[in-house]
Amino acid sequence: MPELPEVETIARALRPHLTGRTILGAQVSWARTLALPSARSFKHRIQGQQILEVGRRAKYLHMRLSRDSLLIHLRMTGDLSLGEASAAERFERLRLSLSRPAPEEAALTDRFLIFSDARKFGRVWLTSKPGLILDGLGPEPFSDEFTPAWLHAALKSRRRLLKPLLLDQTFLAGLGNIYTDEALHRARLHPLRSSDSIRPRQAQALWEAIRAVLEEGILNNGASLDWVYRGGEFQNHFRVYDQEGQPCPVCGAKIRRLVVGQRGTHFCPRCQRME
DNA sequence: CACGAGACCTGTTCGC
DNA sequence: TGCGAACAGGTCTCGT
């Protein structure tokens, strides 16, 4: 479930539990979860490091530790939870054991941070140079750098279909399949429009739509789908995503689905025209 | 540079 | 009921 709003929700939920605590050890149950370094050195190196800060960049959870950074990417089905029991969770891939919480947080009883991931696509990096992974990403949608003018210029500088371009994390960081479809619908732009055909007013509309959709996602604690559940509510606010055949909430036309860049793409054929 | 296909993985749902 | 196909919130790599 993890696009920007879901990762942001997770970061906010974990922050008060993790900040200041020390990682006592790591248990790896699916070795390929670790992108860097190997399981052996990961366990050795993470031991004893304190968690200084819990943040997010794009769809990465970024934990600053005393010596390294811990980056976690949930991909399709990854999930993070806090636990007290030592019994392994159903899809557990990695478990970090934590020091006791500070005395003023004595109410916290969790002892583990658990990474679960049914499809095993998620990855974790322990590195002293997080920039090598994060610096190539596009701007954060809520940063000052992301402006309507920037977006218009960036769209014009390429010749790509809107849908796949917005999914490209080196173009703009944080959008995934759900929020891209929702943003294009709000901006009344067809997903197959070529990026270099977008006029300034349309770029402005898209900019507003991207921010509005992500904001609404965060306010609703992200979207929960299928059996991967996080307590988010945004799935109840989808206007087009996964709504094939349903009436468009704006004009009543039937929402259509097509495949673009191998991703299911949902849009309103009346609101989102090709011109 | 842009695009499509195939990989990486497992679970659920749908159609016959 | 059973069984295969299609589908799933993401990203990387390779060939054209």
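Before reading on, note that the structure itself is shown above.
Because the structure is a prediction, the values reported are computed rather than measured.

**Student:** Sorry, what's going on with the overall build of chain A here?
**Tutor:** Looking only at helices and strands, one finds 7 helices and 11 strands in chain A. Over its C-alpha trace chain A gives a radius of gyration of 20 Å, about what one expects of a compact globule, namely 19 Å for 275 residues. Projected onto its principal axes, the C-alpha coordinates of chain A cover approximately 60 × 35 × 35 Å. Looking at chain A as a whole, 53% of its 275 residues qualify as buried. Considering only contacts within chain A whose residues lie at least 6 apart along the sequence, 67% involve residues at least 24 apart. About 13,100 Å² of surface is accessible on chain A, with carbon and sulfur atoms providing 49% of the total. For chain A, the distance from the average site of its 41 positive side-chain charges to the average site of its 29 negative ones is 6 Å.

**Student:** How should I be thinking about the pairing of strand β11 (residues 263–267) in this particular structure?
**Tutor:** For a regular strand, side chains alternate in direction, first toward one face of the sheet and then toward the other. Extensive coverage of β11 is indicated by the burial of 4 of its 5 residues. For strand β10 (residues 256–260) and β11, the ladder comprises 5 bridges, and the chain directions are antiparallel. Across the sheet, Arg256 pairs through a bridge with Phe267, a residue of β11.

**Student:** Where do I start with the protein's contact with DNA strand B in this structure?
**Tutor:** Surrounding DNA strand B, one finds 13 residues, the nearest of these being Arg32, Arg119, Lys120, Arg160 and Gln262. Taken together, the sugar and phosphate atoms account for 63% of what DNA strand B places within 4 Å of the protein. Taking Ala118, its main chain carries an N or O atom lying 3.5 Å from a sugar or linking oxygen of DNA strand B. Of the residues that constitute the surface near DNA strand B, the class distribution is 6 nonpolar, 1 polar and 6 charged.

**Student:** Would you mind going over the sheet that holds strand β6 (residues 78–83) with me for this structure?
**Tutor:** Sheet strands pair by backbone hydrogen bonding; their relative direction is either parallel or antiparallel. Reading across the sheet, the 4 strands line up as β1-β7-β8-β6 and stay open at both edges, with antiparallel pairing between neighbours. Pairing within the sheet leaves two strands with one partner each, and these edge strands are β1 (23–28) and β6. Strand-to-strand twist in this sheet, taken as the mean axis angle between neighbours without regard to direction, amounts to 15°. One ladder, built from 5 bridges, connects strand β7 (residues 92–98) with strand β8 (residues 112–117); its direction is antiparallel. Residue pairing across strands places Ser97 opposite Phe112, the latter belonging to β8. Its contacts with the sheet put helix α1 (residues 4–18) on β6, β7 and β8, and the angle it makes with β6 is roughly 30°. Sheet strands in contact with helix α2 (residues 39–46) are β1 and β7, and its direction is about 165° off that of β1.

**Student:** Please clarify how the packing of α1 against helix α7 (residues 200–219) should be interpreted in this entry.
**Tutor:** A packed helix pair is summarised by two numbers, namely the angle formed by the two axes and the spacing between the axes. With their axes 8 Å apart at the nearest point, α1 and α7 run at an angle of 40° to one another. In the packing of α1 onto α7, the handedness of the crossing is right-handed. Where α1 abuts α7, its residues Leu4, Pro5, Glu8, Thr9 and Arg12 lie against Leu214, Gly217 and Ile218.

**Student:** It is not clear to me how the packing of aromatic side chains should be interpreted in this structure. Could you clarify?
**Tutor:** Two aromatic rings are characterised by how far apart their centres lie and by the angle between their planes. The full count for this structure, using the stated rule, is 7 aromatic pairs. Considering the side-chain rings of Phe146 and Trp207, the 6.3 Å spacing of their centres and the 35° angle between planes classify their relative orientation as tilted. Note that Phe146 is positioned in the loop between α3 (131–134) and α4 (148–156) and Trp207 in helix α7, a separation of 61 residues in sequence. Overall, Trp207 belongs to the buried group, its relative accessible area being 17%. Among the aromatic residues, those joined into a ring-pair cluster are Phe146, Trp150, Phe171 and Trp207.

**Student:** Just to check I follow, could you spell out the environment of Arg230 for this structure?
**Tutor:** Within the element layout of this structure, Arg230 appears in the loop between α7 and β10. Each C-alpha atom, one on Arg230 and one on Ser81, is 9.7 Å from the other, the two residues being 149 residues apart in sequence.

Conventions adopted
Residues numbered from 1 in each chain as written. Chains lettered and ligands numbered in written order. Predicted model: local features only at pLDDT ≥ 70, side-chain atom pairs only at ≥ 80, totals over all residues. Heavy atoms only, no water. Helix = DSSP H or I, 4+ residues; strand = E, 2+ residues; numbered from the N terminus. Rg over C-alpha atoms; globule rule 2.2 N^0.38 Å. Buried < 20%, exposed > 50% of the residue type's maximum accessible area, 1.4 Å probe, protein only. Contact = heavy atoms within 4.5 Å. Areas by Shrake-Rupley, 256 points an atom, 1.4 Å probe, with all protein chains shown as cover. Lys, Arg positive; Asp, Glu negative; His and termini not counted. Charge placed at Lys NZ, Arg CZ, Asp CG, Glu CD. Pairing = 2+ DSSP bridges. Near = heavy atom within 4 Å. Polar contact = N/O pair within 3.5 Å; in protein donor to acceptor, adjacent residues only side chain to side chain. Nonpolar A, V, L, I, M, F, W, Y, C, P; charged D, E, K, R; others polar. Axes fitted to C-alpha atoms, helices over the stretch in contact; angles between N-to-C directions. Left-handed = near helix turned anticlockwise from the far one by under 90°. Phe/Tyr/Trp six-rings, centres within 6.5 Å; stacked < 30°, edge-to-face > 60°.

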